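# An overview of the molecular structure
Listed below are the residues making up each chain.
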Amino acid sequence: MKNLMMLFLAVLFAMLVCGAASAHEEGGEIPAKVTKAHWACRDISELAAKYGAQGKLPEKELLEKKDLAESLLAVMEKVLAKCQLEGRESVPQEDLDRLAALHEALKVELAQYEAYQTRRESIEQMLAKPEVPAFEYKVGVNGFLRGEGVGNFRLTDFSFAAGHDEGRFLYRVKPYAYWHPTDWLDIHAEGQGYGFTGGSHQEYNKFSLYQGFIEARIPGSDLLALKGGRQEFNYGSAFILGPDSFYDGLSFDAARLRVKPVEPLTVDLLAGAYATPFSGGVAGNLAGAYTTYAFSEGNAVEAYSFLDSGSIDHHAGEYLAIWGLRGTAKLGPVSLEFEPVYESGQAFNTARNANDGIDAFGGHLDATVESVLAGYNNKLFFSYAYGSGSSNAANGVSAAREFRTPDNNTSLIGDMHVFGDLSGVTVNGHHASGLQIYTLGWGVDATKEINFSATGRYFLANDVEAGFSKNLGLETDFTLTYAMNDNLSVIAGYDRFFTGGFFRGASGSGKDIDYGYLMVQFNLSKSKPKMKPVKG
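Residues numbered from 1 in each chain as written. Predicted model: local features only at pLDDT ≥ 70, side-chain atom pairs only at ≥ 80, totals over all residues. Heavy atoms only, no water.

Our next topic: the overall build of the protein. When helices and strands are counted, the protein shows seven helices and 21 strands. Scaling as 2.2 N^0.38, a compact globule of 536 residues should have a C-alpha radius of gyration of about 24 Å, and the protein matches this with 26 Å. Once the C-alpha set of the protein is aligned to its principal axes, its extents read approximately 80 × 50 × 50 Å. The 536 residues of the protein split such that 44% are buried. For the protein, restricting intrachain contacts to residue pairs at least 6 apart in sequence, the fraction spanning at least 24 positions comes to 58%. Surface exposure of the protein reaches about 26,100 Å², of which carbon and sulfur atoms provide 58%. Between the mean site of the 47 positive side-chain charges and the mean site of the 65 negative ones, the protein shows a separation of 5 Å. (Helix = DSSP H or I, 4+ residues; strand = E, 2+ residues; numbered from the N terminus. Rg over C-alpha atoms; globule rule 2.2 N^0.38 Å. Buried < 20%, exposed > 50% of the residue type's maximum accessible area, 1.4 Å probe, protein only. Contact = heavy atoms within 4.5 Å. Areas by Shrake-Rupley, 256 points an atom, 1.4 Å probe, with all protein chains shown as cover. Lys, Arg positive; Asp, Glu negative; His and termini not counted. Charge placed at Lys NZ, Arg CZ, Asp CG, Glu CD.)

Moving on, we come to the pattern of salt bridges. Tallied over the full model, the rule gives 30 salt bridges. Arg98 serves as the salt-bridge partner of Asp43, at 3.1 Å between the closest nitrogen and oxygen. Within this pair, whereas Asp43 is found in helix 2 (residues 39-51), its partner Arg98 is found in helix 4 (residues 93-110), the two being separated by 55 residues in sequence. What makes Asp43 buried here is its relative accessible area of 15%. By sharing partners, the salt bridges in this structure join Asp43, Glu46, Lys50, Asp95 and Arg98 into a single network. (Salt bridge = Lys/Arg side-chain N within 4 Å of Asp/Glu carboxyl O.)

Before going further, it helps to spend a moment on the packing of aromatic side chains. Throughout the structure, instances matching the rule amount to 30 aromatic pairs. Relative to Phe306, the ring of Tyr235 lies with its centre 6.4 Å away and its plane at 40 degrees, an arrangement referred to as tilted. Taken as a pair, Tyr235 in the loop between strand 7 (224-231) and strand 8 (252-259) and Phe306 in strand 11 (residues 299-308) lie far apart in primary sequence, 71 residues in all. The pair Tyr235 / Phe306 is uniform in exposure class, with both members buried. On the numbers, 5.7 Å between centres and 20 degrees between planes, the contact of Phe361 with Tyr386 is stacked. You can see Phe361 sitting in strand 14 (residues 354-373) and its partner Tyr386 sitting in strand 15 (residues 376-387), a full 25 residues away along the chain. Given a relative accessible area of 37%, Phe361 falls into the partly exposed group. (Phe/Tyr/Trp six-rings, centres within 6.5 Å; stacked < 30°, edge-to-face > 60°.)

Within the chain, Asn152 stands out as a residue other than glycine whose phi angle is a positive 60 degrees. The residue Asn152 is located in strand 3 (residues 135-154) in this model. Look at His417: it is not a glycine, yet its phi comes out positive at around 65 degrees. By the element assignment, His417 lies in the loop between helix 6 (391-394) and strand 16 (424-427).

For the rest of this paragraph, the subject is a nonpolar patch on the surface. Nonpolar side chains collect at one region of the surface, where Ile218, Leu223, Leu224, Leu226, Leu257 and Leu269 lie side by side and expose about 450 Å² of accessible area between them. Among the secondary structure elements, Leu257 is positioned in strand 8. Leu257 sits in the partly exposed class, given a relative accessible area of 30%. (Patch = residues over 30% accessible without salt bridge, like charges linked within 9 Å, V, L, I, M, F, W, Y side chains within 5 Å.)

Glancing now at the side chain of Arg168. Inspection of the secondary structure puts Arg168 in strand 4 (residues 159-182). A polar atom in the side chain of Arg168 sits 2.6 Å from the side chain of Glu148. Polar side-chain contacts of Arg168 include one of 3.0 Å to the side chain of Gln202. (Polar contact = N/O pair within 3.5 Å; in protein donor to acceptor, adjacent residues only side chain to side chain.)

Turning next to the nonpolar core. With 60 residues, the main nonpolar core has Ile240, Phe306, Leu472 and Phe502 as its most contacted residues. Among the elements that line this core, the one with the most residues is strand 21 (residues 513-529), at four residues. In terms of nonpolar packing, the next biggest core, distinct from the first, is built from 31 residues, Cys41, Val79, Leu99 and Ile123 among them. (Core = buried A, V, L, I, M, F, W, Y, C linked by side-chain atoms within 4.5 Å.)

Mapped onto the elements, Thr499 comes out in strand 20 (residues 488-499). Since its relative accessible area comes to 6%, Thr499 is described here as buried. Separated by 311 residues in the primary sequence, Thr499 and His188 have C-alpha atoms spaced 45 Å apart. Look past the residues within four positions of Thr499 in its chain and what remains in contact with it is Phe160, Leu472, Gly473, Arg504, Gly510, Lys511 and Asp512.

Now for the pairing of strand 6 (residues 202-217). Of the pairings in the sheet, the one linking strand 5 (residues 185-198) to strand 6 comprises 14 bridges and is antiparallel in character. For Tyr194, the partnering residue across the bridge sits in strand 6 and is Lys206. Taken together, strand 5 and the strand that follows it, strand 6, pair antiparallel across an intervening segment of three residues, in which Ser200 is found at a positive phi of about 60 degrees. Bridge count between strand 6 and strand 7: six bridges; the pairing is antiparallel. Paired with Ala216 across the strands is Leu226, a residue of strand 7. The antiparallel pairing of strand 6 with strand 7 creates a hairpin that spans six residues between the two strands, and Gly220 there sits at a positive phi of about 75 degrees. (Pairing = 2+ DSSP bridges.)

Mean pLDDT over the protein: 89, with 93% of residues reaching 70 or higher. Confidence drops under pLDDT 50 across residues 1-27; counting only partners more than four residues distant or on other chains, this segment forms 28 contacts. (pLDDT = per-residue confidence, 0-100.)

Relative to the helices and strands, Arg172 resides in strand 4. Classification of Arg172 as buried rests on a relative accessible area of 4%. Along the backbone, Arg172 and Arg146 are 26 residues apart, and their C-alpha atoms lie at a distance of 8.8 Å. Engagement of the side chain of Arg172 in a polar contact is seen with the side chain of Tyr210, the distance being 3.4 Å. Engagement of the side chain of Arg172 in a polar contact is seen with the backbone oxygen of Ser245, the distance being 3.4 Å.

Let's shift gears to helix 3 (residues 65-86). Each α-helix turn comprises 3.6 residues. Residues three or four places apart therefore point the same way. Given a rise of 1.5 Å per residue, 22 residues ought to cover 32 Å, and the 31 Å separating the end C-alpha atoms of helix 3 matches this to within 8%. Looking only at helix 3, the buried set comprises Asp67, Leu68, Ala69, Ser71, Leu72, Leu73, Ala74, Val75, Met76, Val79, Leu80 and Cys83. Where helix 3 is buried, its residues contact strand 1 (33-34), helix 2, strand 2 (63-64), helix 4 and helix 5 (114-127). Where helix 3 ends, the next residue or the one after it, Gly87, has phi of about 100 degrees, a positive value. (Expected span 1.5 Å × (residues − 1).)

Further remarks concern the packing of helix 4 against helix 5. Where helix 4 contacts helix 5, the axes come no closer than 11 Å and their chain directions differ by 150 degrees. For the element pair helix 4 / helix 5, the angle class is roughly antiparallel. Considering how the two elements wind past one another, helix 4 and helix 5 form a crossing that is left-handed. Where helix 4 approaches helix 5, its residues Leu96, Leu99, Ala100, His103 and Leu110 are matched on the opposing element by Tyr116, Ile123, Glu124, Met126 and Leu127. Among the residues making up the contact of helix 4 with helix 5, the classes are represented as eight nonpolar, one polar and one charged. (Axes fitted to C-alpha atoms, helices over the stretch in contact; angles between N-to-C directions. Parallel < 35°, antiparallel > 145°, perpendicular 65-115°, else oblique. Left-handed = near helix turned anticlockwise from the far one by under 90°. Nonpolar A, V, L, I, M, F, W, Y, C, P; charged D, E, K, R; others polar.)

Structure (structure tokens):
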């Protein structure tokens, strides 16, 4: 363990050195007033001349950021028109990168222009990096190191425990190698070391293959792509299926066939088994289909169906069938998401020693509003999530009507993991069945590198035992993120769960739960860029 700790400290030191060097090289900030010798003025003038933009910089000694934004908007409109008429490849990537840097530095000022607001989505799509890997191979290591502590809680099983405090150090390190010998073949290998040490005599270390797959597609076409091997699945907002990225992840030994008959339509067909090294003891199979029709950026309709037999203690005939729809819409600064889900199947009932038919439903409705207030980018988030329950489940008779999302990776159920999914929670042998979650969140970019967010989530049970309160409590989450560069971030968080009447009735204690952590996320890599073919 000591050698492992020394290795982590060495990696962390290397990351900090690389991060400091990268931060020194980046620059990119534009002061309130600049001369025409400033890099932003030079780039705007050169791009305006190259693409015939009308909005020249004013003839004055000192230029304000709003002057630059007005001229930049004229340039971007010209470049956007060229891309739409002749294709994105008609504009050199170097010019798009220069525009992207200017856009990032002046986006607060640009937001004041109606012409920018109406074209914002198209401009951002034009400036986005291409999805096709721009490298032939890449090797590196990514992951996180985290110290965390809790009060009145157990980290071993994420359960309420009045008077119990503990802390631990947790790591996730993933060395990887990607090889893209051609545009139609991807080879991906990724190991993982995951573990923790700390309170409650905790000690766990696991090293194994996390992902290892080959993906091939028809050369020159997106019609068919087949991926085979150990791989993650991450769909939609990960409300139903996603990698457990805050802990040890989730992958499958599986095959996925992607069919794209026309540009807006994508159909994924998948089948495989839980990769047990990092499945938390869950074994079984997963199969299904996920269909997406994207009308435009941020506007899509999705439909999916999964058949999941994964469980820790499996009984014959058990399975969970999931049927869902998801819709997203973007209306200027407002983004909406609606995802209703129905579940059927068979679940073993220990009281009857037989299977019960599953009949459950749930979903969520979200709204996000982005705005610029006092010169800062702000984001407001509203959400309502629902998972069905029943009095039979609360009284230990049958859990057939409880809505379960065992493979979710959503923050809607809270950052503290007091609740594993929307089926409910058990405290001291007493069960609250089904959840309703009301969420209000706010985030602000204090600077380009620093973001602060505050979120409140109120939890209400649908069914409880007679004499118990349905009020589960209120969780408040505060997070401060410092992104030193694209490859290194430091995140500090403090969360508090104010226990409601149900916790007090079930445990006899009114104590609240505290959770705090400090985490470093990193990605160190070396790659070989793809060489562009030379035209004869």
